[in-house]
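Descriptive structure summary
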Amino acid sequence: MQAGRLSFSLCAAFLLACAGLFSSLSANADYPDKPIRVIVPFPPGGATDSLARVLGDFMSRDLGQPIVIDNRSGAGTMIGSEAAVNARPDGYTLLLTISSLVQAPHLLSKPPFDPVADFTPVAQLVTTPLVLTVLGESGIETPQQLVEKVKSEPGRHVYGSYGAGASGHLYMHAFTEQTGLDWVHVPYRGEAPSVTDLLGGQITAVIMSGVGSLPHVRSGRMSALAVTGPYRMPAMPDVPTFKELGYERMDNRGWFGLFGPKGVPADVVQRLSDSALKALEDPEVIQRIENLSLIIDPLPAAEFAPIVKRDNDVWSAIIKEVGVQLD
């Protein structure tokens, strides 16, 4: 009799487990069945926001549900990232962000999340290099000429970046260390004021986005000396990479990626990844992204995840070396 009860209990447990599994599979098979929120940790109007809206237009048609862009700017992307990491891992809240995701936490003594352990990579979307620029009328045409200029006038030169601890600052730290330069870093609140001071002659050099530098380089007001990343920027094919010129730790390229919180089901990740990568093959989407001077560089979740891990390790080490903390 006791054996019969045990057998019945085991059968009941098995059936309940199967019911839960089938229910879960059924729920995921219906995904998505309501609007999807995409958090952008920047205000409206910038490159990340524009990319999210371009992508959202296509994916909403492909997935059959509205995609709502939720701008949560502030604290160096941390406000938006925290909102995403604390969301339910059901695929209905996503984060479209840049590689600052693996930088910003390391600038805090007590980071609120681990960028590798607490997020689910969905897809890499596009990449963008940073460009080392000087005033066009300076006569400086190469990084080596810049090095010679700065060394010939010790204590007189300043370079700008769009923020302390941001990619530009960290790349320029690596450049400064290996060239032995003695100059001052001035972190600005964004790219625009640093450009104003460069064009006004107040600072010697600025490392900035390819998007922001392109019109000034084309007009001749700025000269582009080198770009970060593994290969040249298509919009500036004559500008070499730092890597080509023999500089180290300058060959990562900033990425824009789509993430969910930790624990998003694999089949939901696959559905989202497929839709995002499909969008990046659409001629209209391609044209709109190229107008932003971003480089379409799609990778599915399985290939994007190790890049996120690698970049997290790289930036963690550099930030520790620089000794920058923002709290």
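Residues numbered from 1 in each chain as written. Predicted model: local features only at pLDDT ≥ 70, side-chain atom pairs only at ≥ 80, totals over all residues. Heavy atoms only, no water.

Let's talk about the side chain of Q103
Its place among the elements puts Q103 in the loop between β3 (93-98) and β4 (119-128). Side-chain polar atoms of Q103 contact the side chain of S167, separated by 2.7 Å. Those residues in contact with Q103 that lie beyond four places of it in its chain are S167, W315 and I319. (Helix = DSSP H or I, 4+ residues; strand = E, 2+ residues; numbered from the N terminus. Polar contact = N/O pair within 3.5 Å; in protein donor to acceptor, adjacent residues only side chain to side chain. Contact = heavy atoms within 4.5 Å.)

Here we look at the sheet that holds strand β5 (residues 130-135)
What the five strands build is an open sheet, ordered β7-β6-β8-β5-β9; its pairing is mixed. Either end of the sheet is taken by a strand with one partner, and the two such strands are β7 (184-187) and β9 (222-227). Ignoring strand direction, the axes of neighbouring strands in this sheet form an average angle of 30 degrees. Sheet topology note: the strand β6 (residues 158-161)/β7 ladder contains four bridges and is parallel. Residue pairing for β7: G160 is matched across the bridge by V186. Running at roughly 145 degrees to β6, helix α5 (residues 167-179) makes contact with β5, β6, β7 and β8 (205-209) of the sheet. (Pairing = 2+ DSSP bridges. Axes fitted to C-alpha atoms, helices over the stretch in contact; angles between N-to-C directions.)

Overview of the sheet that holds strand β11 (residues 295-300)
Pairing between sheet strands relies on hydrogen bonds along the backbone, with the strands arranged either parallel or antiparallel. Spatially, the six strands line up as an open sheet ordered β2-β1-β3-β10-β4-β11, and their pairing is mixed. Edge positions in the sheet fall to β2 (67-71) and β11, since each has one partner strand and no second. Between one strand axis and the next, the sheet turns through 25 degrees on average, direction left out of account. The pairing of strand β1 (residues 36-40) with β2 spans five bridges and is parallel. Of the residues in β2, the one forming a bridge with V38 is I69.

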